[in-house]
Protein chains: 2
Amino acid sequence: MLKISQRAVALPASPIRKLVPFAEKAKKIGRKVYHLNIGQPDVQTPETFWKAIQNHNLKVLEYTHSAGLESYRKKLSQYYQKHNISVSYEDIIITVGGSEALFFAMFTCMNPNEEIIIPEPFYTNYNAFAQIAGVKVVPVSSKIEEGFKLPPISEFEKRITDKTKAILIANPGNPTGYIYTREELEQLKDLVLKYDLFLISDEVYREFIYDDKQYVSVMHLKGVEDRTILVDSVSKRYSACGARIGAMVCKNKEIIQCALKMGQARLCAPMLEQIACEAAIDTPQSYFDSVTQDYVARRNVVLEGLSRIPNVIYNVPSGAFYLMAKFPIESSEHFCQWLLEHFEYNNETVMLAPAGGFYATPDAGKNEVRIAYVLEVNELKKAMTCLQKGLEQYLQQTSTK
Amino acid sequence: MLKISQRAVALPASPIRKLVPFAEKAKKIGRKVYHLNIGQPDVQTPETFWKAIQNHNLKVLEYTHSAGLESYRKKLSQYYQKHNISVSYEDIIITVGGSEALFFAMFTCMNPNEEIIIPEPFYTNYNAFAQIAGVKVVPVSSKIEEGFKLPPISEFEKRITDKTKAILIANPGNPTGYIYTREELEQLKDLVLKYDLFLISDEVYREFIYDDKQYVSVMHLKGVEDRTILVDSVSKRYSACGARIGAMVCKNKEIIQCALKMGQARLCAPMLEQIACEAAIDTPQSYFDSVTQDYVARRNVVLEGLSRIPNVIYNVPSGAFYLMAKFPIESSEHFCQWLLEHFEYNNETVMLAPAGGFYATPDAGKNEVRIAYVLEVNELKKAMTCLQKGLEQYLQQTSTK
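Remember, it's a predicted structure, so these values are computed and weren't measured experimentally.

Before going further, it helps to examine the sheet that holds strand 12 (residues 353-354) of chain A. Remark on secondary structure: sheet strands pair via backbone hydrogen bonds, oriented parallel or antiparallel. All names here are of chain A. One open sheet holds the four strands; their spatial order is 9-10-13-12, and the pairing between them is antiparallel. Two strands in the sheet have a free side with no partner beyond their single neighbour: strand 9 (313-314) and strand 12. With two bridges joining them, strand 9 and strand 10 (residues 322-326) adopt antiparallel strand pairing. Each residue of the ladder has a partner; that of I313, found in strand 10, is K326. Where helix 11 (residues 285-307) meets the sheet, its contacts fall on strand 9, strand 10 and strand 13 (368-372), and the angle it forms with strand 10 comes to roughly 5 degrees.

Printed below as a string of structure tokens:
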């Protein structure tokens, strides 16, 4: 009998996707749905980017070098320099989004069935890429009550086996918005030196850091240049999610060489967007300042809204545009679906991301949600009111059952 | 000790890449190099495409649906209808180039260590994707002397084991330009039905078919809709290699569902190019007629040039823009390097692709080259003269040694 591959069947489905039909149904009956469930910012892509798309004079849309346009990589190395990351353009491979950079990193570091330790909650798609690369995710729990700081190194050590090959972090974190301190990164450095591991760091939210927090990249660490890999993307930086431009950065020539062979197989990243991203590096600082200001204001609306709800635990993020909240409920999946299916306040409701998908430990985070503050302040205020009223009503109903 | 993954190290390097430094050196000393080694056409990308890039009114470059823009998929299903391929937009996943479609197809059909039979010579990158997917390529030889027609089905059957899961063909072929007949496809159909295999077909050159040859797609075959997968790309169709837009088309819902999960992990294909490709479907037929005319003229120049060279065997392609030639030499790799390193005629030389990389059988095709006729007729004539003079001189030198 014809059978498709079990590993493909086993690929995780996004938990948010299950909610989509309910959101669509709500909209169909004229209900307004505030989307706090997705990482798609409403921020405008900068003019520098759009102008480059308008002003190119290409006649033939050719392949670029498989590592990316040399001029873009050179300019990108200058961009990194501004963040005190010293890399040559030869240490950079332009990828199809951060997604591809992550996959290249996992594949070049790890053989099938080897293990990668990731602090949870983490970006859901790490699971899918691990599955595609045939490697095993080993979670180590960070806690909402502790603001998602790095778990104790002893917890990492407990999970290290002879199959452990790498540690993966996101900094600033998605879904937590947490920013690792220099001390935490130094601890990770000692760990990867001690056990001969790679340290992969997804730093796509580096432009979104608030409260004068300091951004420390794995590329700032000394003495681990052979084992640190930076995963990057322009998706959030320039609000250009649909550009599909990312980068894998590494000073280990062997890693770059192998990643380049993967790159040659798929030929190149899209050319027009590489040109536009090269131009976007000259986006004035005022653009980022204004975006950051907006996010701080938005975050504060969410924090203020949550502070009004009794028995909710949440973290105060200093980066990215997400935070996690834990409600006094059994199942956030059920609650999120209920909000879309059975609740309205002034004919409005709110869509959140149930947090289960961000954890690899079974049942972890099942009463938590991720809130993406990607709406304007006035919309966000109404969304938070919906959430408050929704939770009240949900708890009343549940308790009377 | 820190070790990168063996499977990454084992990834095949492109054989053409080895020649690149020699081509660069030749250019540095002022030599003109005719590039017959690459599949990058010089044809202009159609106006329909460029206008859509100019005229969009996006402010935020957002993610698209992971299966691709619905409007593009709907229009694409109309495009396929023109080729008598009846598919709904729900049977289509827009991919990042044909490359990703191929990877999705291999991964969804096959478990690790399973086998895929491919008639050789075949597109080099099939090897890399098989390696990344952890599956094994089993070659079955087609012969230049027979114009690369489908090998006898008995040869396929000899290679079928309990690990065989799929057959992969390219139609029209790269590097051969061969077009499979309906009879050959019916034979493959019987084979995949008999042994419960998937039939994956890379048909990215369907617009380039000459001599009134008939294009028969695997999607035309009746009774195998559950096991045929079409791999497609706009790279050659619209001379838009750098757009990175392809498609995986399949009527097996389970395959599409799993491929979509892979698609969701990497989020989406680039948005702007999806918009442009949707518009490019309205490219007037005159564009393709003129391109096809050019390629026929170019092919004829190459055939005429080869006919003047003694002891050369070559096939007459009716599709794509490649052909294969077998020279009375020991090693085409050595010859191709020699052309760049030691030869010139009027301070010009020619770069070809040694064919070894298109074969999986060790030593197969080692005296063959692939010729891509992607230059204008007058340039091609000079390139063919270079090739003729080069081969003469090479043979003289070799025989006097």
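It takes a turn of 180 degrees to lay chain A on chain B, together with a shift of 0.0 Å along the axis; the resulting RMSD is 0.0 Å. On this basis, the relationship between the two copies can be described by a two-fold rotation axis. Judged by C-alpha distance, Q54 of chain A is the residue of chain A that lies nearest the rotation axis, at 2.9 Å. Here 100% of the contact residues of chain A are again contact residues in chain B; the copies associate through an equivalent surface.

A full pass over the atoms with the stated rule returns 40 salt bridges over all chains. A salt bridge links D232 of chain B to R237 of chain B; its shortest N-O distance comes to 3.3 Å. In this structure D232 of chain B comes out as buried when scored by relative accessible area, which is 1%. In this structure, a network of salt bridges that share partners links the residues E155, K158 and R159 of chain A.

Bringing the packing of aromatic side chains into the picture now. Pairs of aromatic rings are described using the distance from one ring centre to the other and the angle between the two planes. A complete count under the given rule lists 43 aromatic pairs over all chains for this structure. Judged by centre distance (5.6 Å) and plane angle (85 degrees), the rings of Y123 of chain B and Y126 of chain B are edge-to-face. Looking at Y126 of chain B, the relative accessible area reads 1%, which means it is buried. Ring-pair connections join several aromatic residues into one group, and the members of that group are F103, F107 and F129 of chain A together with F103, F107 and F129 of chain B. Over the face of the ring belonging to F107 of chain A we find R7 of chain B, whose NZ or CZ atom lies 4.2 Å from the ring centre.

Looking now at the pairing of strand 6 (residues 198-202) of chain A. Residue and element names in this part refer to chain A. Counting buried residues along strand 6, five of its five residues qualify, which places the element largely inside the surrounding structure. Taking every second residue as pointing to the same face, both faces of strand 6 are buried, with F198, I200 and D202 on one and L199 and S201 on the other. As judged from the five bridges shared by strand 5 (residues 164-170) and strand 6, these two strands associate in the parallel manner. Opposite A170, over in strand 6, you have D202 as the bridge partner. Note on the crossover from strand 5 through helix 8 (residues 182-195) to strand 6: the handedness is right-handed. Pairing between strand 6 and strand 7 (residues 228-233): four bridges, direction parallel. Counted as the bridge partner of D202 is V231 from strand 7.

Conventions we followed
- Residues numbered from 1 in each chain as written.
- Chains lettered and ligands numbered in written order.
- Predicted model: local features only at pLDDT ≥ 70, side-chain atom pairs only at ≥ 80, totals over all residues.
- Heavy atoms only, no water.
- Pairing = 2+ DSSP bridges.
- Helix = DSSP H or I, 4+ residues; strand = E, 2+ residues; numbered from the N terminus.
- Contact = heavy atoms within 4.5 Å.
- Axes fitted to C-alpha atoms, helices over the stretch in contact; angles between N-to-C directions.
- Least-squares fit on C-alpha atoms with pLDDT ≥ 70 in both.
- Salt bridge = Lys/Arg side-chain N within 4 Å of Asp/Glu carboxyl O.
- Buried < 20%, exposed > 50% of the residue type's maximum accessible area, 1.4 Å probe, protein only.
- Phe/Tyr/Trp six-rings, centres within 6.5 Å; stacked < 30°, edge-to-face > 60°.
- Lys NZ or Arg CZ within 6 Å of the ring centre and 35° of its normal.
- Right-handed = clockwise from strand over helix to strand, strands pointing away.

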